[in-house]
Each structure stands twice: as structure tokens, then as C-alpha cells.
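Residue-level structure breakdown
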Amino acid sequence: ELKMSGLEGAALLASLKEHYRTSTSWLIFPRLMVALWKAHFNQVLVVIAGTVLEGIIRIGKPVVLMQFLMKIQDDDSSASMTTELYALATYLCLLGLGYVIVHHILFFYTMRMGWCWRQTTQALIYDHLLNADNSATEKFPKGHLINLISVDTSKYELFTIFMNFGWCSLLELIAILIVLIYMLDTASGFVGCMATILFIPLQVMIGRQFARLRTVT
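In this text, all values refer to a predicted model and were calculated from it rather than measured experimentally. For every chain, the first residue of the written sequence is number 1, and numbering continues from 1 onward in sequence order. Two thresholds apply to this predicted model, a pLDDT of at least 70 for residue-level local features and 80 or more for giving and counting side-chain atom pairs, whereas whole-chain, interface and lining totals are computed over all residues. The side-chain figures draw on all heavy atoms in the structure; neither hydrogens nor water molecules are used.

The next subject is the packing of aromatic side chains. Stacked, tilted and edge-to-face pairs are distinguished by plane angle, under 30 degrees for stacked and over 60 for edge-to-face with tilted covering the rest, among Phe, Tyr and Trp rings (Trp via its six-membered ring) whose centres lie within 6.5 Å. For the coordinates displayed, the defined rule picks out five aromatic pairs. Both rings, one in Phe29 and one in Trp37, keep their centres 4.8 Å apart while their planes meet at 65°; by these two values the pair is edge-to-face. Aromatic side chains Phe162 and Phe165 sit 6.2 Å apart centroid to centroid with 45° between the ring planes, which places their arrangement in the tilted category. A relative accessible area of 29% places Phe165 in the partly exposed class. Counting every residue linked through ring pairs, the aromatic cluster contains Trp26, Phe29 and Trp37. The ring of Tyr20 has Arg31 sitting right over it, with the charged end atom 4.1 Å from the ring centre. Two conditions define a charge located above a ring, namely a distance within 6 Å from the ring centre to NZ of Lys or CZ of Arg, and an angle within 35 degrees of the ring normal. Here Lys61 stacks its cationic end above the ring of Tyr99, 4.5 Å away from the centre of that ring. Burial classes follow relative accessibility: with a 1.4 Å probe on protein chains only, a residue under 20% of its type's maximum area counts as buried, one over 50% as exposed, and anything between as partly exposed.

Its 19 residues place the ends of helix H8 (residues 165–183) 26 Å apart at the C-alpha level, agreeing with the 27 Å of an ideal helix rising 1.5 Å per residue. Each helix is a run of DSSP H or I of at least 4 residues and each strand a run of E of at least 2, with the numbering of both proceeding from the N terminus. Taken together, the buried positions of H8 are occupied by Cys168, Glu172 and Leu177. Those residues of H8 that are buried are in contact with helix H3 (41–73) and helix H9 (186–197). Any helix carries an expected span of 1.5 Å times its number of residues minus one. By the convention used here, residues are in contact when the closest approach between their heavy atoms is within 4.5 Å.

Before going further, it helps to spend a moment on the layout of surface pockets. Roughly 350 Å³ of volume is contained in the largest pocket. The way it works is a 1 Å grid over only the protein atoms, where trapped points that fit a 1.4 Å probe form a cavity and open points with protein on both sides within 12 Å along at least five of seven lines form a pocket, and then any residue with an atom within 4 Å of a point lines it. Lining the largest pocket are 15 residues; nearest its centre among them are Ser169, Leu173, Thr196, Ile197 and Ile200. Mapped by element, the contributors of at least two residues to the lining of the largest pocket are H8, H9 and helix H10 (199–216). Its residues assigned to classes, the lining of the largest pocket comprises nine nonpolar, four polar and two charged. Grid points are joined across faces, edges and corners, and a volume is the space filled by probe spheres set on the points. Any residue outside Ala, Val, Leu, Ile, Met, Phe, Trp, Tyr, Cys, Pro, Asp, Glu, Lys and Arg is labelled polar, Gly included; the first ten of those are nonpolar and the last four are charged.

Let us look at the nonpolar core. Core analysis: the largest hydrophobic core is formed by 15 residues, its most contacted members being Leu16, Leu36, Val47, Met113, Trp117, Tyr156 and Met163. For this core, the secondary-structure elements that each account for two or more residues are helix H1 (6–22), helix H2 (31–39), H3 and helix H4 (79–131). Per element, the largest residue contribution to this core is five residues, and it comes from H4. The residues contacting Trp117, other than those within four sequence positions of it, are Met33, Leu36, Trp37, His40, Gln43, Val44, Tyr156, Phe159, Thr160 and Met163. Here the nonpolar core consists of buried residues drawn from Ala, Val, Leu, Ile, Met, Phe, Trp, Tyr and Cys, with membership extended through side-chain atoms lying within 4.5 Å.

A few words now on the packing of H2 against H4. Where H2 meets H4, the closest approach of the two axes is 11 Å, and the angle between their N-to-C directions is 120°. The orientation of H2 with respect to H4, classified from their angle, is oblique. Taken as a pair, H2 and H4 cross one another with a handedness that is right-handed. Between H2 and H4, the residues in contact are Leu32, Met33, Leu36 and Trp37 and Trp117, Thr120, Thr121 and Leu124, respectively. Here the residues of the contact of H2 with H4 are counted per class, giving six nonpolar, two polar and no charged. The convention used is that axes are lines fitted to C-alpha atoms, helices contributing only their stretch in contact, and that angles between N-to-C directions extend from 0 to 180 degrees. Our angle categories are set so that under 35 degrees counts as roughly parallel, over 145 as roughly antiparallel, 65 to 115 as roughly perpendicular, and the remainder as oblique. In this scheme the handedness of a crossing depends on how the near helix is turned from the far one: anticlockwise by less than a right angle means left-handed, clockwise means right-handed.

As a further point, take H3. When the terminal C-alpha atoms of H3 are compared, their 49 Å separation across 33 residues agrees well with the 48 Å that a helix rising 1.5 Å per residue should span. Of all the positions in H3, only Gln43, Val44, Val47, Gly50, Thr51, Glu54, Gly55, Ile57, Ile59, Gly60, Val64 and Phe68 are classed as buried. Buried residues along H3 sit in contact with H2, H4 and H8.

Tracing the chain through its elements places Gln122 in helix H4. When its relative accessible area of 19% is taken as the criterion, Gln122 is described as buried. Not counting residues within four places of it along the chain, the set of residues in contact with Gln122 comprises Ile149 and Thr153.

Our next topic: the environment of Cys168. Mapped onto the elements, Cys168 comes out in helix H8. Separated by 116 residues in the primary sequence, Cys168 and Val52 have C-alpha atoms spaced 6.9 Å apart.

Glancing now at the pattern of salt bridges. Whenever Lys or Arg places a side-chain nitrogen within 4 Å of a carboxyl oxygen from Asp or Glu, that contact is recorded as a salt bridge. Within the structure shown, the criterion is met by five salt bridges. Ionic pairing is found between Arg21 and Glu18, a salt bridge with its closest N-O pair at 2.7 Å. With Arg21 and Glu18 both in helix H1, this residue pair falls three residues apart, about one helical turn. The class of Arg21 is exposed, set by a relative accessible area of 56%. Linking Glu172 and Arg58 is a salt bridge whose minimum nitrogen-to-oxygen distance equals 2.5 Å.

Interpretation note: all reported values are geometric properties and have no functional meaning in isolation.
Rendered as C-alpha cells:
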């Protein structure tokens, strides 16, 4: 796990406390989440840039592969066509290599950011508990506080990994729709995208069932 020095941890805690004091909830995001975004703004920008780059590569690979397969089907065996095929094959290999590199670096960076979020949130909870009156802390069961510090804060490690796929997937869907309309036609493009969108309610339903089972057990 990530280990921070005392000075670095104190600086992150002070920054989070200040942003938590001045922040408010935004749309569906609670106040603490908004404060974490502000306190780790530079890290969030790096993750956004990496997510966009990964999405571009993910869309670019099938587009280049499609062009490569279309060129192979031509009967043209000239030197210029051979050079173009080698160029497309090189682009495809570079995109695959770039995707592996970007994906793993982004995964590590988002996991590292999740560790920072968890540790600074735990420090914020401890700070509030140490500064609170005994009568205020007695109102909360000890099990609730332990669960809040150990289990609930650990969810940041997964959230930071997948938080950007919500908006990035919409941009990728629009880009894929444009490619399908350009290569096929409007109706086929929308049908293909709608077939993907129809799986979202199913995933939401399954997620709610897992959440319900988790609360029972």
C-alpha cells in the first residue's frame, strides 16, 4: 500500500479539511466527494487526460483494423499498396502497445489516488473524532465507526478506478455512433448503439440485487 510521510499526510489532511469546510454537494455527489476532487485536483486532471487517451486508442484500433482489412481485399498489388498495408499494420501494433502501456499506468495511478483518498478520509474521520465531545461520540455505536473507517473508506480504491468510465463511455458511444453512420448508414448505427444501451438497465438491476444481498449478509 501507499505510505505517505508525516508532512505529506498532514498537508493533504489540511487541504481536505479546508475544501470540506468550503464545499457543498453538487448534483448527486456528496460534499465529501466534491472536497476530495478539489483537494486532489491535479491528480484528477491527470486521470481525466489518461482516460481520454485510452478511449481514443480503444476507438482507433478497430478503425485502423477495418481500414487494413478493406485494403487487403483489394486486388491492387502495387508497391504503394504494399507500403500502405505495412503502414496500417505498424499503426495497429503501435496502438495495441500504446493501449497496454496507457491502461496499466492509468490503472496504477487511479489505484494510487484511491489509496490517497482513503487515507486522507480516514485521517479526517479521526480528526473529527478526536476533536468531538465524548457525549457526541457516544451517540454512534462503536461498530458503526469501525465500519465507517475500515470498510466504507476502502470503496474509494475501486471508485477512483472506474469513476471516469461514466462520462468517457458516453463520449466513446457518440464517437462509435459517428463511425457506424459513416461506414454503414444512420439506421444501422443507431440500432447497434441501442443494442449496447439496452444492457445498462440489466446491469443496474443486477447491481441493486448485489447491494441488497450485501446488506442482508
